[in-house]
Structures are given as structure tokens and as C-alpha cells.
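Spelled out from the first residue to the last, the chains are:
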Amino acid sequence: MSSTVSPDVSVAERMRTRAALIERIGGYMTAHAIGVAAELGLADLIGSGARPVEELAERAEVHEPSLRRLLRTLVAVGVATEPEPGRFALTDVGALLRSDSPDSLRKFARMFCHPIFFTSWQSLQHTVTTGERAFDHTYGTGVYDWLGRNDETSALFNEAMSEESTIAAGYLAEVHPFPETGTVVDLGGGDGTLLTAVLNARPGLRGIVFDSPSGVAQAPAALAKAGLTDRCAVEAGDFFAAVPGGGDLYVVKSVFQDWGDDEARAILRTCRAHMPESATLLIVGTVLPERADTSAPVAFFTDLNMMVVAGGRERTESEFRALLAETGFRVRSVGIGQAGPLSVIEAVPAPDAV
Ligand SMILES: C[S@@+](CC[C@H](N)C(=O)[O-])C[C@H]1O[C@@H](n2cnc3c(N)ncnc32)[C@H](O)[C@@H]1O
């Protein structure tokens, strides 16, 4: 009988290797457990102390024995602790599911564990087999068209993006040499989280948040809350058709990942056509290493998520450089990881190129 297992490998090692795969297979169960915890607001109910499961079940209006098992699983994956039998508290990771945390990812968890994403992922094999977007296969339209017709989920998506961007935006505003004056246009800027951080750091700058009508729906309220209504305009439009002219700096954060190369080139060509020759383009987002490794798993499963949900892709530096060269831009600098895990690519219109 042939075997691929060396006789030198102990049973214990084989069990460990198997457990490593089984844990990864259980990843979807972990995601569901976190998604339900976020949906039920369990972290808000637990707060900073340890709470008995009976109280949590009553306040969440759920089945107590099932909740106990959910919470024990959250303990097992490092989201909660059980300091005394039947009492549950949050770890630092779990505390990020609290709505009142400045670093909250509760809406992000609710969005990325939302049925529209989970059902799309069920068609991953369809995408891998055919190259067709699972989201479109399941819902009959692209994700942004769908969001444009579903206000409540669209608001959740915009808020989830804002939660995801908050720290990176503040960090970028601190480390990047933004100009002191002029106008920054944030393309696909959602509710204006990035511009809020930049304008707060540079009182002499003005801003324009540009996004689709559903994408900017939460921006006026968010900017008013930040006291930036006078310094920041909100414009709805389609970056395949036109973007605001007259800006000095055009920021595009976490947008190109949503699109395949043809669409990414189309967006870049629109930018090139509308931005002044003296303006700068700042692409902020993930830049994949040229070869896959284990250093940044999130970047790789985000790439897969883009393939499934949006039909887009994360890109390497050389892939970004090629897109920019083909659309009339010259790369001025590349700061890998300059904004936390995110990278910053600075490009300017190349003379005589359109
Ligand atoms: C992944 S989100 C990124 C949002 C924000 N830049 C951030 O980093 O948090 C992509 C954004 O692109 C916007 N978008 C999609 N299609 C668009 C279009 N045709 N024109 C303008 N914006 C669009 C979406 O509404 C969404 O806000």
C-alpha cells in the first residue's frame, strides 16, 4: 500500500497538521458566529465587564442554551472569554464589535457577514470555473447597482467602509505630505471619512467627496457632524463618465480593487481627462507582493472577495504601474505600507499623453 506520509512523522504531528486544516475549514463558521454576535449587538450588551449568559439572552431576546454555545465558540476563537462558568467578557479583539469603540468594526462585521456576501461566496466555484462574478450570477446585477437599489444595505455598506477606513485615514493624514492649501477630490469617497481626516489635519484645504448617488448618501450628515460642511462639497456622479475638474489632488482609496483592468483603465482615463495637468493622483490601497506569501492573508482573501463580489482584483506594484502608464500617468512615488497596511502610489499626468 502506498502512502504519502513519512514513517518519521509521528501521529501527534499528523494530528496537528490535520487540525490546522480543519481549523481553516471552520473559518466560515467563525465568520458566521462573529456576524451573528455583531447583528445581535452582543458586544454592546457585554460592555466592559463579564455578564451572565442568562442576562445576555434576555436582553438580546434569544434562546439561552444556543447563545451559550455561540459565546463559548467566540471564546474558542479569541473574541470573548469565560472568566467564570456561564459569565462572558470581551477580549480586545471582541471589544472592536462594540458600537461605542472608536475603532469599532461592528458594521464592518455586519456587512461582510451579510447574506449578500455569504450567498455570493457559495458560488465561488462558479467564479473559479467560469470567471463570472458570483454576485452577478446570484443577484443578476453588479454589487454597486444592487446597493443603489437597496438603501438600507447601502447605508450599512457606506458605514462599514467608513469603519474600515477611519484609522488608515487618520494615519494617512498624519504621514502623507498633503498640501496646506488647494482642493482635494476624493473619488469613490463614500461618506467622506478620508477627507474628514485630511481636512482636519490641514485647515487651509478644501475638499470634494465624489461618489455615486447611493455612495454619497451618508456624506452630508457625516461632514456636518465633523463641522466640515463649509469646506467640503459633496458631488454625486459616475467616475466612468466624468469626475470633478479643477482639483489639485485626486485621492482614490480602495476603489481600483473593485474593478477589472478594463474598468480600472476607464476610471483612470476619466481622471486624466478631467484633472488639471498640474494635479496629482493619489492611489491609496492594498499593493500585493509580487509573489504570494503568508505575511498579509487579508490582502489575499480581499482579492478573492473582490473576484467573487465585485469582479475586481488587488494588484501588485507592477500591475498598478502598467495601468497608469497605459492611461497617461507617470508614477512619482510608491510608498508600500505607507498608510499602515495600505500603500500610497503618487502619479501625475505624463506630458503629451492622454
Ligand atoms: C470599496 S468602496 C471605498 C470607499 C472609500 N473610498 C473607502 O476607502 O472607504 C468603493 C466606492 O466606490 C464607489 N463607486 C462605485 N461605483 C462608482 C461609480 N460608478 N462612480 C463613482 N463612485 C463609485 C462606491 O459607491 C464606494 O463608495
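Worth saying up front: this structure is predicted, and the values here are computed from it rather than measured. (Residues numbered from 1 in each chain as written. Predicted model: local features only at pLDDT ≥ 70, side-chain atom pairs only at ≥ 80, totals over all residues. Heavy atoms only, no water.)

### Considering the side chain of Arg202
Along the chain, Arg202 falls in the loop between α13 (193-201) and β5 (205-211). Using a relative accessible area of 13% as the deciding quantity, one classes Arg202 as buried. (Helix = DSSP H or I, 4+ residues; strand = E, 2+ residues; numbered from the N terminus. Buried < 20%, exposed > 50% of the residue type's maximum accessible area, 1.4 Å probe, protein only.)

### Here's the deal with the pattern of salt bridges
In total, this model carries 18 salt bridges according to the counting rule given. For Arg68, the salt bridge is made with Glu54, and the minimal N-O distance between the two is 3.7 Å. One end of the pair, Arg68, is in helix α5 (residues 64-76); the other, Glu54, is in helix α4 (residues 53-60), and 14 residues separate them in sequence. Owing to a relative accessible area of 26%, Arg68 belongs among the partly exposed residues under this scheme. For the salt bridge of Arg265 with Glu326, the shortest nitrogen-to-oxygen distance reads 2.8 Å. Residue Arg265 is found in helix α15 (residues 261-274), and its partner Glu326 is found in helix α17 (residues 317-326); the two are separated by 61 residues along the sequence. In this structure, a network of salt bridges that share partners links the residues Arg51, Glu55 and Arg59. (Salt bridge = Lys/Arg side-chain N within 4 Å of Asp/Glu carboxyl O.)

### Looking at the domain arrangement of the chain
As far as domains go, the chain holds domain 1 (11-106) and domain 2 (115-349). Domain 1 and domain 2 are separated by 31 Å when their C-alpha centres are compared. Each partner contributes to the interface: domain 1 provides six residues, whereas domain 2 provides four residues. Around 420 Å² of area is buried between domain 1 and domain 2 when both sides are counted, 62% of it from carbon and sulfur atoms. (Domains from an automatic or database assignment. Contact = heavy atoms within 4.5 Å. Buried area = accessible area lost by both parts, 1.4 Å probe.)

### Comments concerning the site of the ligand
Around the ligand lies a shell of 15 residues, among which Ser165, Gly188, Asp211, Asp238 and Lys253 are the nearest. In the environment of the ligand, a nitrogen atom lies 3.5 Å from a nitrogen or oxygen atom belonging to the backbone of Ser212. Measuring from a nitrogen atom of the ligand, one finds a side-chain N or O atom of Asp238 at 2.9 Å. For the ligand, the accessible surface in isolation is 590 Å², of which the surrounding protein chains cover 93%. (Near = heavy atom within 4 Å. Polar contact = N/O pair within 3.5 Å; in protein donor to acceptor, adjacent residues only side chain to side chain. Areas by Shrake-Rupley, 256 points an atom, 1.4 Å probe, with all protein chains shown as cover.)

### Concerning the pairing of β5
Along β5, six of the seven residues are buried, which leaves the element largely enclosed by surrounding structure. One ladder, built from six bridges, connects strand β4 (residues 182-187) with β5; its direction is parallel. Within β5, the position partnered with Leu187 by the bridge is Phe210. Handedness of the crossover joining β4 and β5 through α13: right-handed. Two strands pair when backbone bridges link them, and β5 and strand β6 (residues 232-236) are joined in this way by five bridges, in the parallel orientation. What sits directly across from Val209, in β6, is Val234. You can see the chain leave β5, run along helix α14 (residues 219-225) and come back into β6, and the turn it takes is right-handed. (Pairing = 2+ DSSP bridges. Right-handed = clockwise from strand over helix to strand, strands pointing away.)

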